[in-house]
Amino acid sequence: MCLASRLSTQVNLGNMCSRKEVIGMIVGNVALVQVQATVASFLVSIFAISVGAIMNGLFKLEHVMLLTSSAMFTATSSCFVLDFVLVAVILLSQKYRLNPDNMATPLAASIGDVVSISLLSFIASVLFDHIKIHGLWVTYVVLACYMFLLPLWIIVVLKNKYTRPILKTGWVPVLSALCISGLGGLVLDAAVEIFNGFVVFQPIINGIGGNLVSVQASKISTMLHQTSIIGIIPPHTKIFEYPWRALLKGVPYANTARILIAMSIPGNIIFIFVADYIHIGQTSITLAFVLTYVAASLLQIMLLLYIAHIIVHAMWKWKIDPDNSSIPYLTALGDLLGSSFLALAFLFLLSINKEYGADPLNVAN
């Protein structure tokens, strides 16, 4: 999503006109994403293994190698494919004079989830079967290949003028986002044990919130690049605005925020009914569940959009390019807030005896 935001800004600034510039940006950004995917997938695997070992008191080398190799293969492969899909979408948007901020970033978020989860389940299954028959040697080969490729990707990035600064400054948001998402994962792990159906709706609230806030962050960043010099906040806004000015009416980005908030309501309602039908095979959602879920999702998206306003402008003031740094924080916060608010919604429904799955129509569950 950072790649989508960076390239969308460059298109809106008119910096992707010559073929040489386009090729340079694409090659440098693809190499940069490979470096970040390799390192981030390795670190998040170690985090997951460590938390699992602490909580369960169990440590197995087979599990460590399986998770690490599967995660690294999934992250790098899915990013490599998605990079070129995004480049194609952005170049087509430029050709037909569409705003890539409205298309590339949410496409990266939504398709990225589907591709990553599908590829992870497939690769992990294949490696698991292979380990049972032939042992761990294939996982060692996978890790060795990525350790060999990593310095090559770093050399490509360092020789590229478009991505060289990002390699040095872009690690704090990525690694911080991994930690924040890890907290969201702990909330999910605890809630799944308590609430029936929690895992069905958690990807919906997190996915929609992350997608919408990434659009807003990308659009604010593009407007700042177009109207101001980095380090100077434009006169039409400030870092800490009143919430209603940032979300409803006041600053120029409030129109987009208002549309995104309105879009989230029917989007969430449609998806929870679809997810419920796929999960159970019939509609079992009550009015109390719909109202509580929508309230939780609205609170999440409004809070995310307001935080996006603060983070993007604060980064701009501190001379940090928000295209490179804001989206990891926001999507990670979306995971944490979405999981937390959904858990509170399920807890509220439990307190009024309207919990999901308790309705007489839900006998099939």
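About the thresholds
Residues numbered from 1 in each chain as written. Predicted model: local features only at pLDDT ≥ 70, side-chain atom pairs only at ≥ 80, totals over all residues. Heavy atoms only, no water. UniProt positions renumbered as here; feature names shortened; annotations may be inferred. Helix = DSSP H or I, 4+ residues; strand = E, 2+ residues; numbered from the N terminus. Buried < 20%, exposed > 50% of the residue type's maximum accessible area, 1.4 Å probe, protein only. Expected span 1.5 Å × (residues − 1). Polar contact = N/O pair within 3.5 Å; in protein donor to acceptor, adjacent residues only side chain to side chain. Domains from an automatic or database assignment. Contact = heavy atoms within 4.5 Å. Buried area = accessible area lost by both parts, 1.4 Å probe. Axes fitted to C-alpha atoms, helices over the stretch in contact; angles between N-to-C directions. Parallel < 35°, antiparallel > 145°, perpendicular 65-115°, else oblique. Left-handed = near helix turned anticlockwise from the far one by under 90°. Nonpolar A, V, L, I, M, F, W, Y, C, P; charged D, E, K, R; others polar.

Draft legend 1. Expanded view of the UniProt feature "transmembrane region" (unreviewed entry) in the protein chain. Per the UniProt entry, the sites bearing "transmembrane region" (unreviewed entry) are residues 26-59, 71-92, 104-128, 134-158, 170-188, 259-280, 286-308 and 329-352 in this numbering. The span residues 71-92 carries 100% helix and 0% strand; its end-to-end C-alpha distance comes to 31 Å. The span residues 286-308 shows a helical share of 96% and a strand share of 0%, and its end C-alpha atoms are spaced 33 Å apart.

Draft legend 2. Up close: unusual backbone geometry. Even without being glycine, Arg 97 reaches a positive phi, approximately 60°. With respect to the element layout, Arg 97 can be found in the loop between helix H3 (61-95) and helix H4 (104-134). With relative accessibility at 80%, the residue Arg 97 sits in the exposed group.

Draft legend 3. Main features of helix H8 (residues 198-227). The terminal C-alpha atoms of H8 lie 44 Å apart, and with 30 residues this matches the ideal 44 Å at 1.5 Å per residue to within 8%. Burial within H8 is extensive, with 24 of its 30 residues counted as buried.

Draft legend 4. Spotlight on the side chain of Ser 41. The residue Ser 41 is located in helix H2 (residues 19-56) in this model. Residue classification places Ser 41 among the buried positions, given a relative accessible area of 5%. In terms of polar contacts, Ser 41 uses its side chain to reach the backbone carbonyl oxygen of Thr 38, at 3.0 Å.

Draft legend 5. Summary view of the domain arrangement of the protein chain. By domain assignment, the protein chain separates into domain 1 (1-161) and domain 2 (170-359). Computed over C-alpha atoms, the centres of domain 1 and domain 2 are 23 Å apart. Taken together, the 24 residues of domain 1 in the interface contact 22 residues of domain 2. Overall, the association of domain 1 and domain 2 removes approximately 1,900 Å² of surface from exposure, summing both partners, and the carbon and sulfur fraction of that is 67%.

Draft legend 6. Here's a closer look at the UniProt feature "domain: SLC41A/MgtE integral membrane" (unreviewed entry) in the protein chain. In the UniProt entry, the feature "domain: SLC41A/MgtE integral membrane" (unreviewed entry) is given for residues 1-122 and 202-344. Helix makes up 84% of residues 1-122 and strand 0%, with an end-to-end C-alpha separation of 23 Å. Along residues 202-344 the backbone is 78% helical and 0% strand, and the end-to-end C-alpha distance reaches 12 Å.

Draft legend 7. Geometry of the packing of H3 against helix H5 (residues 137-158). The contact between H3 and H5 brings their axes to 9 Å, and the two run at 45°. One finds that H3 runs oblique with respect to H5. With respect to the hand of their crossing, H3 and H5 are arranged in left-handed fashion. Seen from H3, the contacting residues are Leu 61, Met 65, Thr 68, Ser 69, Met 72, Phe 73, Thr 76, Ser 77 and Phe 80; seen from H5, they are Thr 139, Tyr 140, Val 142, Leu 143, Tyr 146, Met 147 and Trp 153. Residue classes in the contact of H3 with H5 are distributed as 11 nonpolar, 5 polar and no charged.

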